[in-house]
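A look at the structure
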Amino acid sequence: MSLSSLLTLLFPHLADLRIDDVYRTGSTVRIAAATRGEDAACPVCATRSRRVHSRYVRRLADTPVSGQEVMIHLGVRRLFCDEPACERRIFAEQVPGLTVPHARRSRGLSDVLAGIGMALGGRAGARLAARLAAAVSRMTLLRQVRAEREPEVSVPRMLGVDDFALHKGHVYGTLLVDAQTRRPVELLPERSAQALKKWLIQHPGVEVVCRDRAGCYADGIAQGAPGAVQVADWFHLWQNLAAAVERAVARHRREFPRTTSEPTPTAPPAESPPAESPGIRQGPLAERTRRRHRQIHDLLARGRTIMEIVGELGLARNTVRRFARAAAAEELLARDGTGKRPRRLQRYDSFPRERFAHGCTNAAVLWGELQQQGYGGSYASVRDYIRPWRSGVAPPPAPQQPPTVRQVTAWFLSHPNHLEQEQQLQLKAVLGACPELASLSERVQGFARMMAERQGHRLEEWTKATRGERIPELDSFVRGVGRGLGRRRGRADTTAQLRRGRRPRQPAQDAEAADVRARQARPAAQARVTRRLIGEEQDFIESVPEPTLERR
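Residues numbered from 1 in each chain as written. Predicted model: local features only at pLDDT ≥ 70, side-chain atom pairs only at ≥ 80, totals over all residues. Heavy atoms only, no water.

Together, Leu6, Leu9 and Leu10 give the surface a local cluster of nonpolar side chains, amounting to about 300 Å² of exposed area. Structurally, Leu9 can be placed in helix 1 (residues 3–10). Of the residues examined, Leu9 reaches a relative accessible area of 59% and is grouped as exposed. (Patch = residues over 30% accessible without salt bridge, like charges linked within 9 Å, V, L, I, M, F, W, Y side chains within 5 Å. Areas by Shrake-Rupley, 256 points an atom, 1.4 Å probe, with all protein chains shown as cover. Salt bridge = Lys/Arg side-chain N within 4 Å of Asp/Glu carboxyl O. Helix = DSSP H or I, 4+ residues; strand = E, 2+ residues; numbered from the N terminus. Buried < 20%, exposed > 50% of the residue type's maximum accessible area, 1.4 Å probe, protein only.)

Encoded structure:
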């Protein structure tokens, strides 16, 4: 095989060039080449020209070969444009597939660098490029990514709609995602029914919309695409239910029974100090919370709306809603029953007590052993923690503490088979101590079964039973679901929210419509939705994990 054939095989993008020489200097392979064509087209008017003005040599970095950098020394011509009406008098010839005006890298290398930057971002991409013998800076990678043209996106048949925070608590946009391909479609600059309506009118063809449960989105879809089926986002349904459950559990936190710690070998046992009883939380934060709660409820009593209170007090909308839903300010303060922040060492309480009871009273030794157990606190914390124990032979048993609101909420929202035996016993004790929480648990489990097994026909039955329980937090959730169903009555099955897009009397579309899920409406593509949202100094398109529901 000749040198020319070998180069054509390894470098197909150089097939139209005349290869004069291939040599190596240091760790770089250099290729001396020149163009073969007799004429070239003007980039402005496309007129072919043969009149040569001058010649020069371009240096182009190319894709590496066998871990070695490749540099092309390309001889090109400048030519005259003979078209009198053309504004360009002199132009340089270009090699299709290899060169672009003013670039110092071949098209192939530019595409490789853009792909690395798109996948890894700036710093990580620069490290990988250096290992591939194409060393560039992180800013070069970011410029390559920004220079890429955004692909044309067709109008999706199944559209996911959700809000997107530009400035959390203040400025929001609307994120539109293709629910089938999980690719972003558009980012609207505002969160409003008018903006969504305008986009849907300009882009007809949407048949199914998996949306956030915000009323403005429901109105925008009804006006912009009245024939589209609106599907409630499963993620938001469960998230709203979780918030309602947490509020209900927080209201009954003082009724939680205290847990019993396992006995530790002590000799002789000392009297256990009385456990702290839940008290009224004090301090500047508590006073501000109570004052803000009074202000918001006074304004609500005067007939002010949530948005009017937001403007008057300068608070975020969600903050005002959270205060408005709380019947008393104490519901917003305590989470652990005492109002005090739990100490980091309490997670490892049984280990130092057992070691102290067996004679290890040295704080430095205990600190070292705790670090091996995963404790990340300081020596001083361990020393202060065991100091009260030195007055007796053995430390007192751990005080009995009730479970926290977050723990009980997580037990409510978890499948019973996924709870450990101790958690099941604690949950059973909580439900036995508070009948209303027992009813709440039954309602939550019923709703979870409806969603998991797609029993949408049972929604109205569940709604009536929930209203009969008279749990204020669940009543608010039921009213929200009812408003969503009210917008659908007369046009589609009222239980279609829990069927993920199933349209009655259209069985051919059932299989595809059922695939519309909340996780498709909130994909990891939020991290790469638009390049204009990221500043020049930041690494572009750093990978962000897909959002998950922590307490599901």
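This brings us to the pattern of salt bridges. Following the criterion strictly, the structure yields 16 salt bridges and no others. Note that Arg251 is salt-bridged to Glu436, the shortest N-O span being 2.6 Å. Linking Arg251 in helix 7 (residues 234–251) with Glu436 in helix 16 (residues 435–453), this pair joins segments that are 185 residues apart in sequence. Ionic pairing is found between Arg353 and Asp349, a salt bridge with its closest N-O pair at 2.6 Å. One network of salt bridges, with partners in common, ties together Arg251, Glu436 and Glu473.

This part is about the environment of Glu87. Looking at the secondary structure, you find Glu87 in the loop between strand 6 (68–80) and strand 7 (90–92). The class of Glu87 is exposed, set by a relative accessible area of 71%. Distance in space between the C-alpha atoms of Glu87 and Val44 is 7.8 Å, their sequence separation being 43 residues.

In the contact formed by helix 7 and helix 14 (residues 405–412), the axes pass within 9 Å of each other and the chain directions differ by 130 degrees. As summarised for this structure, helix 7 and helix 14 are arranged oblique, according to the angle between their axes. Our pair here, helix 7 against helix 14, has a crossing hand that is right-handed. Touching Ala242, Val245, Glu246, Val249 and Ala250 of helix 7 are Val405, Arg406, Val408, Thr409 and Phe412, all from helix 14. Taken together, the residues of the contact of helix 7 with helix 14 break down into seven nonpolar, one polar and two charged. (Axes fitted to C-alpha atoms, helices over the stretch in contact; angles between N-to-C directions. Parallel < 35°, antiparallel > 145°, perpendicular 65-115°, else oblique. Left-handed = near helix turned anticlockwise from the far one by under 90°. Contact = heavy atoms within 4.5 Å. Nonpolar A, V, L, I, M, F, W, Y, C, P; charged D, E, K, R; others polar.)

Here we take up unusual backbone geometry. Non-glycine residue Ala46 carries a positive phi angle of around 65 degrees. By relative accessible area, which is 51% here, Ala46 ends up exposed. The backbone phi angle of His102 is positive, close to 70 degrees, even though this residue is not glycine.

Along the polypeptide, Gly480 turns up in helix 18 (residues 472–486). With relative accessibility at 14%, the residue Gly480 sits in the buried group. When the C-alpha positions of Gly480 and Ala214 are compared, they lie 9.4 Å apart, and in sequence the two are 266 residues distant.

This part covers helix 2 (residues 107–120). Spanning 14 residues, helix 2 covers 20 Å between terminal C-alpha atoms, matching the ideal 20 Å at 1.5 Å per step. Among all positions of helix 2, only Leu109, Ser110, Leu113, Ala114, Ile116 and Gly117 are buried. The arc that holds every buried residue of helix 2, seen down its axis, measures 160 degrees, which confines them to one face. Structural note: helix 2 exposes Asp111 and Ala119 on the side pointing more than 90 degrees away from its buried face. Elements in contact with the buried residues of helix 2: strand 5 (52–65), helix 3 (123–131) and helix 4 (138–147). (Expected span 1.5 Å × (residues − 1). Arc of directions from axis to C-beta.)

Among the structural elements, Thr28 can be located in strand 2 (residues 28–35). Setting aside anything within four residues of it in sequence, one finds Thr28 in contact with Tyr23, Glu69 and Met71.

This paragraph deals with the sheet that holds strand 8 (residues 158–167). Here we have five strands laid out as an open sheet, ordered 10-9-8-11-12, and mixed in their pairing. Looking at the sheet topology across the chains shown, the edges are occupied by strand 10 (183–188) and strand 12 (229–232). Mean inter-strand twist for the sheet, computed between neighbouring axes without regard to direction, equals 30 degrees. Sheet analysis places strand 8 next to strand 11 (residues 208–211), joined by four bridges and oriented parallel. When the bridges of strand 11 are listed, Val161 appears paired with Arg211. Here helix 5 (residues 193–202) sits on the sheet in contact with strand 8, strand 9 (171–178) and strand 10, set at roughly 125 degrees to strand 10. Packed onto the sheet, helix 6 (residues 215–224) meets strand 8, strand 9, strand 11 and strand 12 and runs at close to 170 degrees relative to strand 11. (Pairing = 2+ DSSP bridges.)

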